[in-house]
Amino acid sequence: MIMTLAKPILFLTLIAGLTGCVPSPEDFETTPVKIQTPEGEITCQLYRQDRVIWDRAIDFPATKLTVPQADAYCKQEGQRRLKG
């Protein structure tokens, strides 16, 4: 009985330990930035300085932009800062 429980317990302990090692986007957040666009001001949450995959809009004029459009502006801003 002990041997049949040992493997699942060891497996769950391993999974729990590895879960703590996986970074989340919150670990890499920078101070939000505001950018001006033809559609209005967008507030962007930028993340790591060397990547833009998580960059996203957290506030934008919803009557003029969709979420994907606003996020695209933020990714462009992240790329601009990456090159700059």
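Further up the page is the structure itself.
As a starting point, this report considers the structure included with it. (Residues numbered from 1 in each chain as written. Predicted model: local features only at pLDDT ≥ 70, side-chain atom pairs only at ≥ 80, totals over all residues. Heavy atoms only, no water.)

## Considerations on the state of the cysteines
Covalent bonding between the sulfur atoms of two cysteines defines a disulfide.
Next, step 1: Per the stated rule, a full pass over the model turns up one disulfide.
Next, step 2: Each sulfur of the disulfide joining Cys-44 and Cys-74 lies 2.0 Å from the other. On the sign convention where negative means left-handed, the S-S torsion of about -80 degrees between Cys-44 and Cys-74 marks this disulfide as left-handed. Here the residue Cys-44 occupies a position in strand β2 (residues 40-45), and Cys-74 occupies one in helix α2 (residues 67-83), the gap between them amounting to 30 residues. For the pair shown, Cys-44 and Cys-74 are each scored as buried. (Disulfide = S-S within 2.5 Å. Helix = DSSP H or I, 4+ residues; strand = E, 2+ residues; numbered from the N terminus. Buried < 20%, exposed > 50% of the residue type's maximum accessible area, 1.4 Å probe, protein only.)

## With respect to the side chain of Thr-37
Next, step 1: By secondary structure assignment, the location of Thr-37 is in strand β1 (residues 33-37).
Next, step 2: Assessed through its relative accessible area of 11%, Thr-37 is described here as buried.
Next, step 3: Here the side chain of Thr-37 touches Gly-40 through a polar contact of 2.6 Å, landing on its backbone oxygen.
Next, step 4: If sequence neighbours within four positions are ignored, Thr-37 has contacts with Ile-42 and Tyr-73. (Polar contact = N/O pair within 3.5 Å; in protein donor to acceptor, adjacent residues only side chain to side chain. Contact = heavy atoms within 4.5 Å.)

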